[in-house]
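Next come the chains, spelled out residue by residue.
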Protein chains: 2
Amino acid sequence: MSSVKIGIIGAGSAVFSLKLVSDLCKTKALWGSTVTLMDIDQSRLEGAFFLAKRFAKEVGADLNFEKTLDLDKAIIGSDFVINTAMVGGHSFLEKMREIGERHGYYRGIDTQEFNMVSDYYTLTNNGQFNYFLEIAKKIEKFSPGAWLLQAANPVFEGTTLINRYTKTKMVGFCHGHYAVDNFIKELGLDSSKVDWQVAGVNHGIWLNKFFYNGKDAYHMINTLKEKALNHKPLHPFDDQISPAAFDAYEFYGMMPIGDTVRNSSWKYHYDLDHKKQWYGEPWGGADSEIGWKWYQNKLAEVSAVTIEVAKILEQNPDLPFSKIIESAKDRLPADFFVEASNIFDPKKLSGEQHIPFIDAVKNGNSRRFIVNILNKGTIIKGISEDVAVEVPALVDAGGIKPEKLEPMLNDRILKWYLAPRIMRMEWAIDAFINKDPNMVLEILMRDRRTKSYEQAKAVVQEIFKK
Amino acid sequence: MSSVKIGIIGAGSAVFSLKLVSDLCKTKALWGSTVTLMDIDQSRLEGAFFLAKRFAKEVGADLNFEKTLDLDKAIIGSDFVINTAMVGGHSFLEKMREIGERHGYYRGIDTQEFNMVSDYYTLTNNGQFNYFLEIAKKIEKFSPGAWLLQAANPVFEGTTLINRYTKTKMVGFCHGHYAVDNFIKELGLDSSKVDWQVAGVNHGIWLNKFFYNGKDAYHMINTLKEKALNHKPLHPFDDQISPAAFDAYEFYGMMPIGDTVRNSSWKYHYDLDHKKQWYGEPWGGADSEIGWKWYQNKLAEVSAVTIEVAKILEQNPDLPFSKIIESAKDRLPADFFVEASNIFDPKKLSGEQHIPFIDAVKNGNSRRFIVNILNKGTIIKGISEDVAVEVPALVDAGGIKPEKLEPMLNDRILKWYLAPRIMRMEWAIDAFINKDPNMVLEILMRDRRTKSYEQAKAVVQEIFKK
C-alpha cells in the first residue's frame, strides 16, 4: 500500500471527479492517499468535494480530501496532477463558434479538416494552451518529479506543446479507443480472446491489429459493412459502425477508431445533409448543429441531477448514495444512469485510465494503456520524434513502455491522414506560441469556407480583439 | 576537349534546342560531340534539326547532329540525356483544364494550393509521369552510367519520382532562380559582388541569403516594398517585385523567388480580381485566364516565326542566320528577339544550365548551379531525404556538391509552405503509382472549390474515363 497526493485541476466537473474517486476507492493499493480537488468555480468545487467525500465514506475507503481555488495548492506536494479543466468552459467555445458561423464558417473556425470534434479547439483556445503550460511549469517548479496526467482537450496539441516547452513528465489520456468494443460486441466475440492495437494521434487513431484467438480477424469487421450502411444510431456518438467509418476504412485500408470517425475531411461534413448521410439520422453525428445540441442538453441534465443529488444528500446524511441514484433513474439519461450505477459496482472501474495508471507507476501493478506521448524512438514510422502520438503501452514502476506496432500503420494513413493532421497541429501551436492572429488568418486562407481575405480578416479581428 | 553524346528528348521545341546547341557551340571543350535530337512529331523534329545544324555550321562549331523519332536511339550510347518533352503538349493540358473548369474548378483541377503554375500538372498528367519513368528506366538499361538532365515539368514531382523508382543518375533544372536578378538590377548592384542563396523545392524556393560586398543586404530588398505595392507589370510573368511577392515575404520572413511568387495559397488566386490585385493589371499574373492566354499566344507567335525562319534559310542557303533574325525584329515579341539575338552573342550563354552542367561534370570546369536533387544528407533541415529539393551546388568532375545553406530556411517556410507543398507532391505521386483515380477524388475532397462529392466524382470520371 502506497499513498500518494493527487491534484485534480478542473475538479468542479463532479461526474469526472466522482469517477476518479470511485476508481481510487476500488484501488486499495492507493488507500491512504490525499486528493486535492481544485477548481476556479467555488460552488461547483464545493459540490464535487461534498460528493467525493460522501462517496468515499459510504464505501468505506480510506482517502483524504482537500479542496482549493488555488492552482498552486493542487500542485505543491502532489505526486500526480490530473488536468481536466476547460478554460472558459463550453460557453467560451460556443461563443467562438457563434462568431465563426456569423462570418460564414459553418461550425466555427476551430472546426478544421481532420479536426471536426466540436470542443477540441485549437485556433481560438489560447487560454487553454496557456493554462496547459502554466500547470506544467508550476509542476516543474514546485513538484519536479510529479506526473502530469492530461485529460483536457486538445490532448494532441496539448501533449506536444507541454513536452516541447517544459520538462514535466506527462501523459495524455483519451477514451476514444474503447470504441473497439463496438466491433467485439457486434461480432459476439469473447473480448479476452481479442488482441488489438490502435495507433495514430489523439482523435486520429487506426486499428492496425485485430486478432481473435491468435489469428488475424480483420476480415470479420468487413462483414459489418452492410450493417454500417444501414446504420440507425442510438445517439449522436454512435458512429463506429457507420457509413462514414466504413468509407474511411475503404480508402485508408485500416479502420478509424472512436473520435477518428468524426475527424474526416469535409467530405462527410459539408452541411447537415451530408452529416446525416454519413453518420445517420436524425442527428448527423455528434458534431452537427443537432447532435451537438443533444450533447449540450445532456451535459445540462447531468449537471442538474448532480446538484439535486448533492442537495438530497446534504439534507439526508444517512441516505445511501446508491439509493438516490436508483430513485433518480427515470429522470436520468439512460447511459448516464448506467455510468452512475457503475461507480457503485466494486468490480468495475470507470474506464478512465488515470487511477490505474497511477497504480501502475506507483505500485508496479503493470497494465496496458493507450497513451499520448512523444514519438520518441519512432514508435510510429514517418512521424517526427517531437510529435505526440497515441499508442498502446505497458506501464509499470519503470514508466511507459510503448508496444511494438505490428503491423505498422500503413503509408496511406501516414501520408493522407496523419500528415495533414500533424501539419495543422504545427500551425496551431505556432500561432499560439507566436501570439499572432495573422497566423490564424493564414490558416483561414487555406480553409475551404473562406471566400475572401476580407471575410477571414473580419472573423479573426472579432475573435482576437483586445 | 572531351566529346560526348547528348540525347535531347522533346527536341521539336526548336527554341529550346537552339539554346542548347548555341551553348554547345560556345563551349569548345565539348566540340566533337554528337547531339541526337528526338521528338515524336516529325515535322517539328525536322525543323529543329535543320536549324540546329545550320546554326552550328554558321558559327563554325564542330558538332555532329542526328535526328530520330525513336526514344531508344536518343538514349543508347548517350552520356547525357536531356528531357524537355511535354507528353500531349499544351493541348492536353488545356483540355484537362477545360474539363475541370466545366465542373466548377477554376483554372482546372491540377491548379492546387502552392501549385498554381498553369502547365505544372501533377494530377491528370499520368502520361508525363509514365514517360519520366520510361526514359529513366531505359537509361538504366541501355546507358547505365549516363546522366538524365530533367527540364520537363513538373520537375519537383519528376525528380522525386525518378529517384525513388529508378537508379538513374539525374538532376532537375529550372530557371526560376534567375528572378533574383530583378532585385540586383532594381537596386543597381554590381552582380559580381552579390552573394545569394535560394533553397526549397522546385517552384517553391526562397532567398535565404542576400549579401552585398560580404555583408547582409537583405534590408535593401525591403526598400523596394513601395515600388512593389505600385507594381505595373511589363508582362504577365513580371511578378518578382509585386504585391504578392512582398505579402508572402512579410508572412514567411524570406523572399519567394521566381515561380514561387505564383505558387501561393488561394489568397492571391480566388478569381481574376484577386489575381489583378496581387500580380498587377491588366493580366493578374501569368496564371490568370488573361495572362495564360498571353503566354499561349506568344508561344504560337514564336513557333510561327521559327517555321518562317527555317523556310527562308532553306530557300537561301547562304543567308546568315543572324541577318534573318535581325530582319524579323518587328514581327517578333521584344523579349524573344533579345533571346534570339543572344544565341549569336559569343560571350553570352542562354541561361539554361544543361550544357554548362555537362561541361562541369565531363571536363571538370567547376561551376555553381541551382539543382533539383534528393535531400540526401539533409541539405534542408526538416525535409525527408527522399524528397527532391532545389538548392545551390558546386558541380565538377566529382559530381554535385550542395552548398551549406547559411542561414537555413526558417521554420515558418518549412511548416507553412514546404510541408503542405511536399504533402501534395506525395499525394500526386501516390495517386500516379497506384493508378487510382479515387486518390485524385480524395485530393478534390480537400479542395476548396469542391462543393459536393458528386461534383468531384463527375470531374474525375470525365478525366480518367477509358
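What counts, and where the lines are drawn
- The residue numbering used here restarts from 1 in each chain and proceeds along that chain's sequence as written.
- Throughout, the order in which chains and ligands are written sets their labels, letters from A for the former and numbers from 1 for the latter.
- In keeping with the model being predicted, local features are shown solely for residues with a pLDDT of at least 70 and side-chain atom pairs are shown and tallied solely at 80 or more, while totals for entire chains, interfaces and linings include all residues.
- Hydrogens and water molecules were not included; the side-chain quantities draw on all heavy atoms of the structure.
- Strands here are runs of E lasting at least two residues and helices are runs of H or I lasting at least four, both read from the DSSP assignment and numbered beginning at the N terminus.
- Put simply, the radius of gyration uses C-alpha atoms, and a globule should come to 2.2 Å times the residue count raised to 0.38.
- To sort residues, take the accessible area from a 1.4 Å probe on protein chains only and compare it with the maximum for the residue type: under 20% means buried, over 50% means exposed, and anything in between is partly exposed.
- Contacts are assigned to residue pairs with any non-hydrogen atoms lying within 4.5 Å of each other.
- Here, patches come from residues exposed beyond 30% relative accessible area and free of salt bridges, joined within 9 Å for like charges and within 5 Å for nonpolar side chains (Val, Leu, Ile, Met, Phe, Trp, Tyr).
- Where accessible areas are quoted, they stem from the Shrake-Rupley method and a 1.4 Å probe; at the residue level, only the protein chains shown are allowed to cover.
- What counts as a salt bridge is simple: a side-chain nitrogen of Lys or Arg found within 4 Å of a carboxyl oxygen of Asp or Glu.
- A residue counts as positive if it is Lys or Arg and as negative if it is Asp or Glu; His and the chain ends are not included.
- Positions of charges follow a simple convention, taking NZ of Lys, CZ of Arg, CG of Asp or CD of Glu.
- A pair of strands counts as paired when DSSP detects no fewer than two bridges linking them.
- For crossovers, right-handed means that the path from the first strand over the helix to the second runs clockwise, given strands pointing away from the viewer.
- Values labelled buried area give the accessible surface lost by two parts on being combined, using a 1.4 Å probe and summing over both.
- Two N or O atoms count as a polar contact when they lie within 3.5 Å, although within protein this holds only if one can serve as hydrogen donor and the other as acceptor, and sequence-adjacent residues are included solely when both atoms are side-chain atoms.
- pLDDT is defined as a per-residue confidence score from the predictor, taking values between 0 and 100.
- When the copies are superposed, the least-squares fit takes in the C-alpha atoms of residues with a pLDDT of at least 70 in both.
- Each pair of aromatic rings taken from Phe, Tyr and Trp, with Trp reduced to its six-membered ring, is defined by centres within 6.5 Å and is described as stacked if the planes are under 30 degrees apart, edge-to-face if over 60, and tilted in the remaining cases.
- Two conditions define a charge sitting above a ring: the NZ of Lys or the CZ of Arg must be within 6 Å of the ring centre, and it must be within 35 degrees of the ring normal.
- What a helix is expected to span follows from its residue count: subtract one and scale by 1.5 Å.
- It is the directions from the helix axis to the C-beta atoms whose arc is reported.
- For helices, the fitted axis covers only the stretch in contact; all axes are lines through C-alpha atoms, and the angles between them, taken along N-to-C directions, range from 0 to 180 degrees.
- Orientation is classified from the angle alone, with under 35 degrees giving roughly parallel, over 145 giving roughly antiparallel, 65 to 115 giving roughly perpendicular, and any other angle giving oblique.
- Crossing handedness is defined as follows: a turn of the near helix away from the far one that is anticlockwise and smaller than a right angle gives a left-handed crossing, while the clockwise case is right-handed.
- All amino acids are sorted into three groups, where Ala, Val, Leu, Ile, Met, Phe, Trp, Tyr, Cys and Pro are nonpolar, Asp, Glu, Lys and Arg are charged, and the leftover types, Gly among them, are polar.

A word on the overall build of chain A
Okay, step 1: When helices and strands are tallied, chain A shows 18 helices and 13 strands.
Okay, step 2: Compactness check: chain A gives a C-alpha radius of gyration of 22 Å against a globular reference of 23 Å for 466 residues, within 12% of the reference.
Okay, step 3: Taking the principal axes of the C-alpha coordinates as reference, chain A spans close to 60 × 60 × 50 Å.
Okay, step 4: Per-residue burial for chain A yields a buried fraction of 59% across its 466 residues.
Okay, step 5: For chain A, restricting intrachain contacts to residue pairs at least 6 apart in sequence, the fraction spanning at least 24 positions comes to 70%.

A word on a negative patch on the surface
All names here are of chain A.
Okay, step 1: On the surface, Glu101, Asp271, Asp273, Glu281 and Glu289 cluster together to form a negatively charged patch.
Okay, step 2: In this fold, Asp271 is placed in the loop between strand 10 (255–257) and helix 11 (272–279).
Okay, step 3: Asp271 gets classed as partly exposed once you look at its relative accessible area, which sits at 32%.

Quick word on the pairing of strand 6 (residues 169–172) of chain A
Residues and elements named next belong to chain A.
Okay, step 1: Pairing geometry for strand 5 (residues 147–150) and strand 6, over four bridges, is parallel. The residue bridging Leu148 from the neighbouring strand is Met170, located in strand 6.
Okay, step 2: Considered for its hand, the β-α-β crossover made up of strand 5, helix 6 (residues 155–165) and strand 6 is right-handed.

With respect to the interface of chain A and chain B
Okay, step 1: Each partner contributes residues to the interface: chain A has 33 residues there, and chain B has 33 residues.
Okay, step 2: With both sides pooled, the region where chain A packs onto chain B buries about 2900 Å², and carbon together with sulfur makes up 55% of that total.
Okay, step 3: Joining chain A to chain B, the criterion identifies two salt bridges.
Okay, step 4: For Lys415 of chain A, the salt bridge goes to Glu426 of chain B, with nearest N and O atoms at 3.3 Å.
Okay, step 5: On inspection of chain A and its partner chain B, the count reaches twelve residue pairs in polar contact (both at pLDDT 80 or more).
Okay, step 6: Residue assignment for the side of chain A that touches chain B shows that the elements contributing at least two residues are helix 10 (243–252), helix 16 (411–433) and helix 17 (437–445) of chain A.
Okay, step 7: Among the elements that make up the side of chain A that touches chain B, the one with the highest residue count is helix 16 of chain A (nine residues).

A word on the confidence of the model for chain A
Okay, step 1: Here chain A shows a mean pLDDT of 95. Residues at 70 or above account for 100%.
Okay, step 2: Here the complex is predicted with pTM 0.96, and the ipTM for its interfaces comes to 0.94.

Observations regarding the relation of the copies chain A and chain B
Okay, step 1: Mapping chain A onto chain B is achieved by rotating through 180° and translating by 0.0 Å along the same axis, at an RMSD of 0.0 Å. Taken together, the rotation and translation relating the two chain copies correspond to the operation of a two-fold axis. Nearest to the rotation axis, the C-alpha of Arg448 of chain A is located 2.0 Å from it, this being the minimum over chain A.
Okay, step 2: Take the interface residues of chain A: 100% of them recur as interface residues in chain B, which is what a same-surface contact looks like.

Brief notes about the pattern of salt bridges
Okay, step 1: Following the criterion strictly, the structure yields 52 salt bridges over all chains and no others.
Okay, step 2: Between Lys267 of chain B and Asp247 of chain B there is a salt bridge, and its shortest N-O distance comes to 2.8 Å. With a gap of 20 residues between them, Lys267 of chain B in the loop between strand 10 (255–257) and helix 11 (272–279) and Asp247 of chain B in helix 10 (residues 243–252) connect regions that are remote in the sequence. Here Lys267 of chain B and Asp247 of chain B have matching classes, each one buried.
Okay, step 3: Through salt bridges with shared partners, one network takes in Arg164, Asp386 and Glu426 of chain A together with Asp411 and Lys415 of chain B.

Points about the packing of aromatic side chains
Each pair of aromatic rings is reported with the distance of its centres and the angle of its planes.
Okay, step 1: For the coordinates displayed, the defined rule picks out 44 aromatic pairs over all chains.
Okay, step 2: The interplanar angle of 45° and the centroid separation of 4.7 Å between the aromatic rings of Tyr268 of chain B and Trp278 of chain B together place this pair among those described as tilted. Of this pair, Tyr268 of chain B sits in the loop between strand 10 and helix 11 while Trp278 of chain B sits in helix 11, and the two are ten residues apart along the sequence.
Okay, step 3: For Lys209 of chain A, the ring lying beneath its charged end belongs to Phe211 of chain A, and the centroid distance is 4.9 Å.

Overview of the environment of Lys415 of chain B
All names here are of chain B.
Okay, step 1: Considering the arrangement of structural elements, one finds Lys415 in helix 16 (residues 411–434).
Okay, step 2: Under the relative-accessibility criterion, Lys415 is labelled partly exposed at 22%.
Okay, step 3: Sequence separation of Lys415 and Gly382 is 33 residues, and the distance between their C-alpha atoms is 8.8 Å.

Re the environment of Met255 of chain B
All names here are of chain B.
Okay, step 1: Relative to the helices and strands, Met255 resides in strand 10.
Okay, step 2: For the pair Met255 and Ile463, spaced 208 residues apart in the sequence, the C-alpha separation amounts to 36 Å.
Okay, step 3: Each residue touching Met255, except ones within four places of it in the same chain, is listed here: Phe183, Ile205, Trp206, Leu207, Tyr218, Ile221, Gln240, Ala245, Phe246 and Tyr249.

Remarks on the pairing of strand 5 of chain A
All names here are of chain A.
Okay, step 1: Alternating positions in strand 5 separate into two faces, Trp147 and Leu149 on one and Leu148 and Gln150 on the other, with burial throughout.
Okay, step 2: Inspection of the sheet shows strand 4 (residues 80–83) paired to strand 5 by four bridges, in the parallel sense. For Asn83, the partnering residue across the bridge sits in strand 5 and is Gln150.

Overview of helix 4 (residues 89–102) of chain A
Residues spaced three or four apart along an α-helix face the same direction, because each turn holds 3.6 residues.
Residues and elements named next belong to chain A.
Okay, step 1: The end-to-end C-alpha distance of helix 4, which contains 14 residues, comes to 21 Å, matching closely the 20 Å that a straight helix rising 1.5 Å per residue would cover.
Okay, step 2: Among the residues making up helix 4, those that are buried are Leu93, Met96, Arg97, Ile99 and Gly100. Summarising the axial view, the buried residues of helix 4 lie within an arc of 160°, below the 170-degree limit, and thus occupy one face. Of the exposed residues in helix 4, the ones pointing more than 90 degrees away from its buried face are Ser91 and Lys95.
Okay, step 3: For helix 4, the secondary structure elements touched by its buried residues are helix 12 (289–315) and helix 18 (453–463).

Here we look at unusual backbone geometry
Leaving glycine aside, a negative phi is the common case for residues, and trans is the common case for peptide bonds.
Okay, step 1: Across the junction of Asn153 of chain A and Pro154 of chain A, the peptide omega takes the value -5°, indicating a cis bond.
Okay, step 2: Inspection of the secondary structure puts Pro154 of chain A in the loop between strand 5 and helix 6.
Okay, step 3: In the segment running from Glu281 of chain B into Pro282 of chain B, the intervening peptide bond is cis, with an omega of -5°.
Okay, step 4: Secondary-structure assignment places Pro282 of chain B in the loop between helix 11 and helix 12 (289–315).
Okay, step 5: Although it is not a glycine, Asn213 of chain B adopts a positive phi angle of roughly 55°.

Quick look at helix 11 of chain A
Okay, step 1: The complete set of buried residues in helix 11 of chain A reads Leu272, His274, Lys275, Trp278 and Tyr279 of chain A. Considered in projection along helix 11 of chain A, the buried side chains sweep an arc of 160° and stay on one side of the axis.
Okay, step 2: Buried positions along helix 11 of chain A lie against helix 10 and helix 12 of chain A together with helix 18 (453–463) of chain B.
Okay, step 3: One or two residues past the end of helix 11 of chain A sits Gly280 of chain A, with phi positive at roughly 100°.

Describing the packing of helix 1 (residues 14–25) of chain B against helix 2 (residues 42–59) of chain B
All names here are of chain B.
Okay, step 1: Direction vectors running N to C along helix 1 and helix 2 enclose 25°, while the axes themselves pass 9 Å from each other. In terms of orientation, helix 1 lies roughly parallel with respect to helix 2. Here helix 1 runs over helix 2; the crossing is right-handed. Judged by residue contacts, Ala14, Leu18, Val21, Ser22 and Cys25 of helix 1 engage Ala48, Leu51, Ala52, Phe55, Ala56 and Val59 from helix 2.
Okay, step 2: In terms of residue class, the contact of helix 1 with helix 2 is made up of ten nonpolar, one polar and no charged.

Focus on the side chain of Asn115 of chain B
Okay, step 1: Summarising the element assignment, Asn115 of chain B is placed in the loop between helix 4 (89–102) and helix 5 (126–142).
Okay, step 2: Judged by relative accessible area, Asn115 of chain B falls into the buried class, the value being 2%.

Quick notes on the environment of Arg424 of chain A
Residues and elements named next belong to chain A.
Okay, step 1: Mapped onto the elements of the fold, Arg424 is located in helix 16.
Okay, step 2: Sequence-wise, Arg424 and Asn115 are 309 residues apart; in three dimensions their C-alpha atoms are separated by 8.8 Å.
Okay, step 3: Residues contacting Arg424, with those up to four places away along its chain left out, are Gln112, Glu113, Ile443 and Arg446.

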